[in-house]
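# Coordinate inspection notes
The primary structure of each chain is shown beneath.
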Protein chains: 4
Amino acid sequence: MAMKALVTGFDAFGGDKVNPSSAAIGRLKRRISGLVIHTAVLPTSYARSAITLRGAIHEARPDIVLCVGQAGGRRELSLERVAINIQDARIRDNDGKQPIDRPVVRGGPAAYFTSLPIKACVAELRRAGLPAAVSNSAGTFVCNHVFYALMDMAGRHGLAFRGGFLHIPYLPEQAARLGDQPSMSLDDIVRAIEIVLAVSAARSEDLHTAEGRIS
Amino acid sequence: MAMKALVTGFDAFGGDKVNPSSAAIGRLKRRISGLVIHTAVLPTSYARSAITLRGAIHEARPDIVLCVGQAGGRRELSLERVAINIQDARIRDNDGKQPIDRPVVRGGPAAYFTSLPIKACVAELRRAGLPAAVSNSAGTFVCNHVFYALMDMAGRHGLAFRGGFLHIPYLPEQAARLGDQPSMSLDDIVRAIEIVLAVSAARSEDLHTAEGRIS
Amino acid sequence: MAMKALVTGFDAFGGDKVNPSSAAIGRLKRRISGLVIHTAVLPTSYARSAITLRGAIHEARPDIVLCVGQAGGRRELSLERVAINIQDARIRDNDGKQPIDRPVVRGGPAAYFTSLPIKACVAELRRAGLPAAVSNSAGTFVCNHVFYALMDMAGRHGLAFRGGFLHIPYLPEQAARLGDQPSMSLDDIVRAIEIVLAVSAARSEDLHTAEGRIS
Amino acid sequence: MAMKALVTGFDAFGGDKVNPSSAAIGRLKRRISGLVIHTAVLPTSYARSAITLRGAIHEARPDIVLCVGQAGGRRELSLERVAINIQDARIRDNDGKQPIDRPVVRGGPAAYFTSLPIKACVAELRRAGLPAAVSNSAGTFVCNHVFYALMDMAGRHGLAFRGGFLHIPYLPEQAARLGDQPSMSLDDIVRAIEIVLAVSAARSEDLHTAEGRIS
């Protein structure tokens, strides 16, 4: 039977009208390297995002879950290494909530590492001409919250999927409005998501390459 | 009779294998908003670039000349406001030459302003979803040299064209090799050049909008 | 009896002749807000740094441990929130070792949070005119390694200290050599360390302020 | 008879309460390397700054004029190479005026080059452990306006001084308020100004070193 992947994006937040993550997943092919692709758009809400994610996972029963979110200001595609058990909101979420220093999961471990082969993904993205890097922080807003909740479902609730998080730059039209911000075209973002899914389907062991940061 | 535009790019330099400026002009349409498009690739050489440019101008007899060059590290399309009469090379050019603090044109004025409607171009690029800005320095390498030589041909030798310079970011594949650099897709760069040409053909007076910088 | 603090820096690495962290701790006062100050310089070595740190802790028996390290490229003082259980070296350490994706502590938790009041420190640093922020990643080099090892000593080995990590920018003389890098004066760095120690001695509960990051 | 230097700063603008340039010149020594130092604070006003400057020059009759201004966001001390004949204000000046694309001096040349030995200054600043660079744009706000007006006084009105412009980063206390901005201590800025003056007094010919920029 074919492997399945669930790919999620977020709705717009912080005054933006568009979120490149949901724009991108709306353009994914139905099948990528033998994977059957399911998608879901998560609300940019601490209270509701993980519930929506859990529902989508229970419905799709995926082998791989890739959550995608916008990282405004980054120049490259970022494969996130680790999710931390903290909510610390610099701005209000789409419910008007701004939690400070609260855990994503009360009593949960301090962090989870991704179970996707992020270094192999980075290598393949670069080979395809797309700038990419491993990131060691997904922030403390709803992206990190969803990433932590995702890995907690796999880690503690024994759901048999591998999971990870991809942060993407602004779209050019966002940068055109904001001024002096790096961006990436939607075509390239869609292509990047498909590469991450294909690499994740093809291999479970990661590459042994140096992609760390000094600080 | 149809108006004509000459659009130039540069060959690769500084160890790169590609220069996005020549890649982009190779993909321009033959006609853009009624303009007949001529193109030329200039050598990244202080000694030879302006000669090649002059030859191309004498051959094409253009109404508009747009020179395009790579500005590695910039996040946006940059419409250059001013060319200065200096050569100060941080690296060697493609002839192995590295002039320091020499004039582009001995006895020439300290600077020339562009004669293209750069603020109208910036406004139209943004409207098309492409990040863009006015820049007040084209550097001191071969880009500025060519831009100065171009404006000197119009200014002192009375050639009847309007001229300007567009700096473009790295391509994604360059950023993928270099790491942590902003980039722009070739499709968007080509689209940007066509917009700059169309706006330049349509209007000679510029917009009266604030696009200055504090420092 | 007076409270004691241990403050550590690192020796130079990566081709630098100086490490601002050890330069700074060499200039600390002996007593800060009632704290008796002990210092130690740690080798920039995965194999030896934590051993040296453990020895210094056993000798000084501190109430507070603040490890300080250089974060080249950062513009602000960074109070680190979390240490992760990974070694992923982009460059060789001072023993010539470059571990990739190995744990700091085999079987240890994925991460530890700091036990210093980092938001109160950030607030007080800003009040003193020093730019500061909470950071969510100490990287994956020896700084993070030491920070994780430190919190593991407190967390699993029951040593009764509170611990944290402060990342500091380049010194101006480093930036003068490197070119186009942000920096901070040694005087300001010394002052910052003293403020972090004073705030940490004065309060164990942190401030409830938003210092998170979106990504 | 002793040589004289006039050093100017600006008053605060754009909502800031302090301008590091006037803070710094208030702390200069009265004599620097044999130069007698005069100072003046210029209003951040297109209409009034050059008049105040002209008055100070006529009073002090200096051999050297160094204008100093804040370049928020820069990481290094910047010795400006060129002033351009344009006013293009991104924000209002302290008179509430925001000129767009108007000349500093009607009928004046497009630009003036500095007559200070900026590369020798950069070299000496670096030797003193202070990060510094040659800049090819002083922007289009009041800093460039004053720099152009200064060089125009020397160039067209035959006043026998050499002149230049130094852009300085934010102070740490400004960066502490603004967040994630590079800064430089006031002590280092004062030291930098004194070095620029000493080098300018000691030599009129500049060094023949590569300090150009590609773009």
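The structure under discussion appears in the preceding block.
Model, not experiment: these values are computed from the prediction.

### Section: the overall build of chain A
Looking only at helices and strands, chain A features 6 helices and 11 strands. Against the globule reference of 17 Å for 215 residues, chain A gives a C-alpha radius of gyration of 16 Å, in line with a compact fold. Along the three orthogonal principal directions, the C-alpha set of chain A runs to about 40 × 40 × 35 Å. When each of the 215 residues of chain A is scored for burial, the buried share is 62%.

### Section: the sheet that holds strand E5 (residues 77-80) of chain B
Residue and element names in this part refer to chain B. The strand order across the open sheet built from 7 strands is E2-E3-E1-E4-E11-E5-E10, with neighbouring strands paired in mixed fashion. The open sheet has two edge strands, strand E2 (31-32) and strand E10 (132-135), and neither has a second partner. Helix H6 (residues 186-202) contacts strand E1 (4-10), E2, strand E3 (35-42), strand E4 (64-70), E5 and strand E11 (162-168) of the sheet and is inclined by roughly 155 degrees relative to E4.

### With respect to helix H3 (residues 118-127) of chain A
For H3(A), every residue scored as buried is listed here: Ile118(A), Lys119(A), Ala120(A), Cys121(A), Val122(A) and Leu125(A). In this structure, the buried residues of H3(A) make contact with strand E5 (77-80), strand E10 (132-135) and helix H6 (186-202) of chain A together with strand E7 (87-88) and strand E8 (100-102) of chain C. Downstream of H3(A) by a residue or two, Gly129(A) has a phi angle that is positive, lying close to 85 degrees.

### Brief notes about the relation of the copies chain A and chain C
Between the two copies of the chain lies a relationship made up of a rotation around an axis and a movement along it. Relative to chain C, chain A is turned by 180 degrees and slid 0.0 Å along the rotation axis, the superposed coordinates differing by an RMSD of 0.0 Å. Both copies of the chain, as the preceding transformation shows, are related through a two-fold rotation axis. Both copies contact each other with a shared surface, as 100% of the interface residues of chain A are interface residues in chain C too.

### Overview of the pattern of salt bridges
Residues and elements named next belong to chain B. Taken as a whole and assessed by the stated rule, the structure comprises 51 salt bridges over all chains. With a shortest N-O distance of 3.3 Å, Asp188 and Arg191 are connected by a salt bridge. Taken together, the residues span about one helical turn, with Asp188 and Arg191 both in helix H6 at a distance of 3 residues. Using a relative accessible area of 9% as the deciding quantity, one classes Asp188 as buried.

### Some thoughts on the interface of chain A and chain C
Contact with chain A, which involves 38 residues of that partner, is made by 38 residues of chain C. Here chain A and chain C share an interface that buries about 2,800 Å² over both sides, 63% of which is from carbon and sulfur atoms. Taken as a group, Ile100(A), Ile214(A) and Ser215(A) account for 23% of the area that chain A buries against chain C, more than any other trio of residues on that side. Here chain A is connected to chain C by 8 salt bridges. Across the pair Arg81(C) and Asp88(A) runs a salt bridge whose closest N-O atoms are separated by 2.7 Å. Linking chain A to chain C there are 14 residue pairs in polar contact (both at pLDDT 80 or more).

The rules behind each value
- Residues numbered from 1 in each chain as written.
- Chains lettered and ligands numbered in written order.
- Predicted model: local features only at pLDDT ≥ 70, side-chain atom pairs only at ≥ 80, totals over all residues.
- Heavy atoms only, no water.
- Helix = DSSP H or I, 4+ residues; strand = E, 2+ residues; numbered from the N terminus.
- Rg over C-alpha atoms; globule rule 2.2 N^0.38 Å.
- Buried < 20%, exposed > 50% of the residue type's maximum accessible area, 1.4 Å probe, protein only.
- Pairing = 2+ DSSP bridges.
- Contact = heavy atoms within 4.5 Å.
- Axes fitted to C-alpha atoms, helices over the stretch in contact; angles between N-to-C directions.
- Least-squares fit on C-alpha atoms with pLDDT ≥ 70 in both.
- Salt bridge = Lys/Arg side-chain N within 4 Å of Asp/Glu carboxyl O.
- Buried area = accessible area lost by both parts, 1.4 Å probe.
- Polar contact = N/O pair within 3.5 Å; in protein donor to acceptor, adjacent residues only side chain to side chain.

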